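Summary of the model geometry
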Amino acid sequence: MVSLELAPVAVVQPEARALQVVLAANAILPLSLQELVSRVEQELSENPVLERVPWICPQCGMEAEGISCGRCGYSLLGGSARFGWERRDPGAREERPSPLEFARAPTNLLDHLEAQLRVSVRDPKIQRVALHLLGYLDPRGYLDGELRYVAAELGIPEALAEQALRAVQALEPAGVGARDLRECLLLQLERLPDHPLRGLAEALVAHHLEDLARGRHEAVAARLGVRPETVHEILRYLRTHTVPAPAEAFHAEHEGREVRPEELAVPDVVITRTEEGYRVELVASGALTLRINPLVRRALLAANLTPEERDRLRAHLRRGRLFIEAVRRRNTMLYRCAEFLARYQRAFLDHGPRYLRPLTLTQVARELGVCESTVSRAVTGKFVQMPDGRVVSFEVFFDASLPVRERIRELVAAEPLDRPLTDEDLVARLRAEGYCLARRTVTKYRELAGIPSARVRRRMRSA
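My aim in this report is to walk through the structure given alongside it, one point at a time. Numbering of residues starts from 1 in every chain and runs along the sequence as written. Per-residue local features of the predicted model are confined to residues with pLDDT of at least 70, and side-chain atom pairs are confined, for both listing and counting, to 80 or more; whole-chain, interface and lining totals are unaffected and use all residues. For the side-chain quantities, the full set of heavy atoms in the structure was used; hydrogens and water were omitted.

Quick notes on the nonpolar core
- Only buried residues count toward a nonpolar core, which is a set of Ala, Val, Leu, Ile, Met, Phe, Trp, Tyr and Cys residues joined through side-chain atoms within 4.5 Å. Each residue is assigned to one of three classes by its accessible area relative to the maximum for its type, calculated with a 1.4 Å probe on protein chains only: buried under 20%, partly exposed between the two thresholds, exposed over 50%. Residues Val269, Ile271, Phe394 and Phe397 are the most contacted members of the largest nonpolar core, which totals 32 residues.
- Only runs of H or I of at least four residues qualify as helices and only runs of E of at least two qualify as strands under DSSP, and these elements are numbered from the N terminus. Elements with a contribution of two residues or more to this core: strand S4 (269-274), strand S5 (277-282), helix H14 (307-344), helix H15 (346-351), helix H16 (361-368) and helix H17 (372-379).
- The greatest single-element share of this core, amounting to eight residues, is contributed by H14.
- It only takes one pair of heavy atoms within 4.5 Å for two residues to be counted as in contact. Apart from residues no more than four positions distant in its own chain, Phe394 is found in contact with Val269, Leu334, Ala338, Leu341, Val379, Lys382, Phe383 and Val384.

Written out as structure tokens, the structure reads:
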């Protein structure tokens with residue numbers, strides 16, 4: 001946790017003031033959006049002279065404070081509650097999707113669930129209702145309907161529908177059949193092996209999701225009886241061991257790719273395509289903007305303050321200004337880095353991984369006129385939403401292996417079905433194109449691209 005010590009009561013010299021700003025900015029700069037939200041909440045709770053700058057909700061047009069609109073629930077984190085996971089409007093009624101929406105090759109989720117039900121559920125009444133409930137699953141794997149209506153539709157007691165739902169929720173993937181995000185996460189946590197953070201994660205999900213949605217990490221930590229750093233560890237544990245949409249994770253797994261934590265991360269920056277080029281925006285920066293309460297100046301001039309009270313108020317004022325400047329510098333540096341990357345790697349954004357240009361932190365620092373360590377702190381551990389909607393780590397802009405991995409993927413996609421390219425074949429093809437790589441390097445890049453060996457590919461095609 002970042003700590004900003006109160007400045008001494010004595011007058012701060014300009015040189016000392018400048019040093020304090022630099023140190024405070026360096027402490028705030030490495031914070032991700034999630035950590036910054038928590039840090040702003042902490043500062044607001046500890047410093048009475050600070051207040052939020054309101055923003056206008058683009059959804060309902062009302063003035064809002066904090067990350068979420070208190071009137072309509074719109075969130076500046078892309079409509080998410082906290083994890084970057086979708087929050088559905090309970091008042092909205094969507095058409096129940098056709099089961100055909102789940103029929104994604106090579107595996108059909110409905111068939112997968114039905115096969116499990118026919119083996120695991122022996123009671124024919126429960127099995128019949130459970131099979132009926134499968135038709136109410138939305139593309140995320142959530143139950144899109146109320147049990148009382150299902151029970152009325154089938155003419156059965158609601159208790160029997162509850163039993164059938166529990167049978168569905170016992171299937172794989174874990175979390176399927178949940179009615180909301182809280183239940184989805186709890187169903188997954190129940191099946192995880194013992195871990196020091198599992199009990200805390202269950203308590204957090206069960207009782208504190210709304211506080212977490214608003215970035216109130218300090219309040220959550222106090223109620224759980226842990227330090228704020230532990231809350232951040234719990235969030236990392238959740239992102240690593242659970243998914244918000246079990247159906248999507250199932251399809252990803254059967255399409256040969258793995259759901260990575262960054263796919264669930266909240267982006268710090270969003271890059272969008274426009275007619276003039278690419279626009280870079282910091283996520284939720286408006287909700288994290290603070291200001292000094294205008295009544296503070298009047299309070300300092302009041303005659304009814306004791307010298308001790310006036311000194312304490314001035315100390316809070318100095319601390320507040322220092323924090324506001326540190327956050328402003330953090331956002332400015334992150335924006336400058338992202339704007340440069342979007343401009344420098346425009347061909348990559350336009351045409352894909354094959355066009356990624358070699359780039360180092362040193363080059364970025366030289367272009368921006370700052371230290372390499374400053375650039376490193378600004379982008380490390382942060383995520384960016386690409387123009388196609390994917391959320392990736394900033395590391396992707398510096399990944400020199402990405403064009404090679406993409407070319408390997410293209411070569412394998414075009415290989416003869418009856419003669420898959422071996423790693424030696426790939427080495428020869430790549431060297432002919434100017435990529436001078438050792439075989440073990442090509443093997444590593446092939447594995448990073450999620451491509452099986454030639455022997456496995458041949459066996460899969462002949463099966």
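Re the environment of Ser373
- Mapped onto the elements, Ser373 comes out in helix H17.
- Expressed as a C-alpha distance, the spacing of Ser373 and Asn26, which sit 347 residues apart in the sequence, is 9.9 Å.

Points about unusual backbone geometry
- Put simply, Glu172 and Pro173 share a cis peptide bond, and its omega is 5°.
- Residue position: Pro173 is located in the loop between helix H6 (158-169) and helix H7 (181-190).
- The phi torsion at Ala284 lies on the positive side, around 60°, for a residue other than glycine.
- Here Ala284 shows up in the loop between S5 and strand S6 (290-292).

Let's talk about the packing of helix H5 (residues 147-154) against H6
- Running from N to C, H5 and H6 cross one another at 115°; their axes reach a closest spacing of 9 Å. It follows from the interaxial angle that H5 and H6 lie roughly perpendicular. Every pair of crossing elements has a handedness; the one defined by H5 and H6 is right-handed. Taking contact as the criterion, the partners of Leu147, Arg148 and Ala151 in H5 are, on H6, Glu158, Ala161, Glu162 and Leu165.
- Amino acids outside the nonpolar list (Ala, Val, Leu, Ile, Met, Phe, Trp, Tyr, Cys, Pro) and the charged list (Asp, Glu, Lys, Arg) are all regarded as polar, and Gly is one of them. In the contact of H5 with H6, the residues fall into four nonpolar, no polar and three charged. Lines fitted to the C-alpha atoms define the axes, with helices restricted to the stretch that makes contact. Angles between their N-to-C directions range from 0 to 180 degrees. If an angle is under 35 degrees, it is roughly parallel; if it is over 145, roughly antiparallel; if it lies from 65 to 115, roughly perpendicular; otherwise it is oblique. In this scheme, a crossing is called left-handed if the near helix is turned counterclockwise away from the far one by less than a right angle; it is called right-handed if the turn is clockwise.

A look at empty space enclosed by the protein
- In this analysis, the protein atoms alone were mapped onto a 1 Å grid. Cavities are point sets where a 1.4 Å probe fits without being able to get out; pockets are open sets with protein on both sides within 12 Å along at least five of seven lines; lining residues have an atom within 4 Å of a point. Grid points are joined across faces, edges and corners, and a volume is the space filled by probe spheres set on the points. According to the stated counting rule, one finds one cavity of 30 Å³ or more in the structure shown.
- The space that makes up the largest cavity amounts to roughly 30 Å³.
- Every residue along the wall of the largest cavity is listed here: Leu33, Leu36, Leu282, Val283, Ser285, Leu288, Arg330 and Asn331.
- Going through the elements one at a time, helix H2 (33-46) and H14 are the ones with two or more residues in the lining of the largest cavity.
- When the residues that make up the lining of the largest cavity are grouped by side-chain class, the tally is five nonpolar, two polar and one charged.

Side note on the packing of aromatic side chains
- We call Phe, Tyr and Trp rings a pair once their centres come within 6.5 Å, taking the six-membered ring for Trp, and we label the pair stacked below 30 degrees between planes, edge-to-face above 60, and tilted otherwise. Using the criterion set out here, one finds three aromatic pairs in the structure.
- Taken together, a centroid distance of 5.5 Å and an interplanar angle of 25° make the contact between Phe340 and Tyr344 stacked. Taken together, the positions of Phe340 and Tyr344, both in helix H14 and four residues apart, correspond to about one turn of that helix.
- With relative accessibility at 18%, the residue Tyr344 sits in the buried group.
- Ring geometry for Phe394 and Phe397: centres 6.2 Å apart, planes at 40°, overall tilted. You'll find Phe394 and Phe397 in the same group, each marked buried.
- Among the aromatic residues, those joined into a cluster by ring pairs are Phe348, Phe394 and Phe397.

Points about H16
- Of all the positions in H16, only Val364, Ala365 and Leu368 are classed as buried. One face of H16 carries all of its buried residues, which in axial projection span an arc of 100°. Of the exposed residues in H16, those oriented more than 90 degrees away from the buried face are Arg366 and Glu367.
- For H16, the secondary structure elements touched by its buried residues are H14 and H17.
- Positive backbone phi, approximately 70°, marks Gly369, located one or two places after H16. The arc in question is formed by the directions pointing from the helix axis toward the C-beta atoms.

Structural notes on the pattern of salt bridges
- A side-chain nitrogen of Lys or Arg and a carboxyl oxygen of Asp or Glu constitute a salt bridge if their distance falls within 4 Å. One pass over the full model with this rule turns up 28 salt bridges.
- We note a salt bridge from Asp388 to Arg390, for which the minimum N-O separation is 2.8 Å.
- As a salt-bridge pair, Arg457 and Glu415 come within 2.9 Å of each other at their nearest N and O atoms. Of the two residues, Arg457 sits in helix H21 (residues 454-462) while Glu415 sits in the loop between helix H18 (402-413) and helix H19 (423-432), which places them 42 residues apart along the sequence. Residue Arg457 shares its accessibility class with Glu415, and that shared class is buried.
- Beyond isolated ion pairs, a larger network of salt bridges with shared partners links Arg39, Glu43, Glu46 and Arg319.

Concerning the pairing of S4
- As paired elements, S4 and S5 share six bridges and run antiparallel to each other. For Val269, the partnering residue across the bridge sits in S5 and is Leu282.
- Where S4 folds back onto S5 in an antiparallel hairpin, the turn is made up of two residues.
- Looking at chain direction, S4 and strand S7 (residues 383-385) are connected through two bridges and run parallel. Note on S7: the bridge partner recorded for Val270 is Gln385. Between any two strands, pairing holds if DSSP finds at least two bridges.

Quick notes on the packing of helix H3 (residues 109-120) against helix H4 (residues 124-133)
- Look at H3 against H4: their axes get within 10 Å of each other, and the N-to-C directions meet at 170°. Taken together, H3 and H4 sit at an angle that is classed as roughly antiparallel. Taking contact as the criterion, the partners of Glu114, Leu117 and Arg118 in H3 are, on H4, Gln127, Ala130 and Leu131.
- Considered class by class, the residues forming the contact of H3 with H4 number three nonpolar, one polar and two charged.

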